[in-house]
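A look at the structure
As a plain string of letters, each chain reads:
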Amino acid sequence: TGLVMGQFSRVIRFFSPLLYLLYPVPKVVFVPIILLFFGIGDLSKIVIIFSILFFQILVLVRDQAAALRPELILSVRSLGAGRRALFRYVYLPASLPAILTALRQSVGTAVAVLYIAELFATSRGLGYYIYFHGSTLMDYPAMYAGVVAMSLLGLGVYFAIDILERRLCPWQFLKD
C-alpha cells in the first residue's frame, strides 16, 4: 500500500486525510473490538498486531517511495517501462531497504502488542504466562523465564529480518 501511495501523487492526496485521521489513534483501544469480532484465538492476535503496525510501516514506506529521485523513474520510463516494470525494477528494489528497516523497527512494538493481546481473554501464550506466573502464582523465576523467552522471540524476529535483508538487498552490503 505504501509503495502504491508513493508512486501516485493523486493516491497520496486522496488517502492522506484518512491516514492523518487514523494514524494518531491508539490502536490498542481496538483490542476488545477485535477480540469480539475474531474471538480469542491466534487470528485475533495477528489482526491486533497487524492493525497496530500497519500504519507505522505504511508511512515509512510511502515516504520512501515518494522520495525516489525522478531521474531513476524517467530513465527507466524512457526505456519503455510501464507501471508494472517501474514497480518491479525501480520502486520495489529502491524501497526494499526501507521496508525491511520499518519491519525491524516494528519488532519491539510487535512483541509488546503480543504481550498485551495475550493478556486479554486468553489462557495461553507467553503474555498470559508472564502475567499469570508473576501476579497470580507469585512464581517470579517462571515469570522472568517468560520475559526472557519473549525477549528471545523478539531478538529472533529481528535477526530473521536482518538475514532477509542480506538476501534481498545484497547491494546494501557491498564494500567500497
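The paragraphs below set out a description of the structure included in this document. (Residues numbered from 1 in each chain as written. Predicted model: local features only at pLDDT ≥ 70, side-chain atom pairs only at ≥ 80, totals over all residues. Heavy atoms only, no water.)

On to the packing of helix α7 (residues 126-136) against helix α8 (residues 140-168), then. One can describe the packing of α7 onto α8 by two numbers: an axis separation of 8 Å at closest approach and a directional angle of 160°. The angle between α7 and α8 falls in the class roughly antiparallel. Crossing angle aside, the handedness with which α7 passes α8 is left-handed. Here L126, G127, Y129, I130, H133 and G134 of α7 lie close against α8, whose contacting residues are Y140, A142, M143, G146, V147, A149 and M150. Across the contact of α7 with α8, the residue classes break down as 9 nonpolar, 4 polar and no charged. (Axes fitted to C-alpha atoms, helices over the stretch in contact; angles between N-to-C directions. Helix = DSSP H or I, 4+ residues; strand = E, 2+ residues; numbered from the N terminus. Parallel < 35°, antiparallel > 145°, perpendicular 65-115°, else oblique. Left-handed = near helix turned anticlockwise from the far one by under 90°. Contact = heavy atoms within 4.5 Å. Nonpolar A, V, L, I, M, F, W, Y, C, P; charged D, E, K, R; others polar.)

What follows concerns the environment of R13. Inspection of the secondary structure assignment puts R13 in helix α2 (residues 9-22). Counting along the chain gives 53 residues from R13 to A66, while the straight-line C-alpha distance between them is 12 Å.

Okay, the packing of aromatic side chains next. A complete count under the given rule lists 5 aromatic pairs for this structure. With a centroid separation of 5.0 Å and an interplanar angle of 90°, the aromatic rings of F14 and F15 are classed as edge-to-face. Among the residues examined, F14 registers a relative accessible area of 61% and is labelled exposed. Relative accessible area serves as the criterion here: at 36%, F15 is assigned to the partly exposed category. Between Y128 and F132, the ring centres sit 5.5 Å apart and the planes meet at 15°, which makes this aromatic pair stacked. Note that Y128 and F132 are positioned in helix α7 at a spacing of 4 residues, about one turn of the helix. Aromatic rings pair up to connect F50, F54 and F55 into one cluster. Over the ring of F173 we find R166, and its NZ or CZ is 4.1 Å from the ring centre. (Phe/Tyr/Trp six-rings, centres within 6.5 Å; stacked < 30°, edge-to-face > 60°. Buried < 20%, exposed > 50% of the residue type's maximum accessible area, 1.4 Å probe, protein only. Lys NZ or Arg CZ within 6 Å of the ring centre and 35° of its normal.)

A few words now on the nonpolar core. Among the nonpolar cores identified, the biggest contains 31 residues, and I48, I49, I73 and Y91 are the most heavily contacted of them. Elements with a minimum of two residues in this core: α3 (31-38), α4 (42-66), α6 (83-119) and α8. A per-element tally of this core places α6 first, with 13 residues. M5, L19, F55 and L58 belong to the second largest nonpolar core, which has 5 residues in total. (Core = buried A, V, L, I, M, F, W, Y, C linked by side-chain atoms within 4.5 Å.)

Here the focus is the packing of α2 against α4. Between α2 and α4, the least distance of the axes is 12 Å, while the angle of their chain directions is 150°. Considered as vectors, α2 and α4 are oriented roughly antiparallel to each other. Here α2 and α4 pass one another in a crossing that is left-handed. Touching I12, S16, L19, Y20 and L22 of α2 are F55, L58, V59, R62 and A66, all from α4. Looking at side-chain class alone, the contact of α2 with α4 contains 8 nonpolar, 1 polar and 1 charged residues.

So, about the side chain of S106. Relative to the helices and strands, S106 is located in helix α6. Note on S106: relative accessible area 3%, which makes it buried. Residues in contact with S106, not counting those within four places in the same chain, are L53, Q56 and I57.

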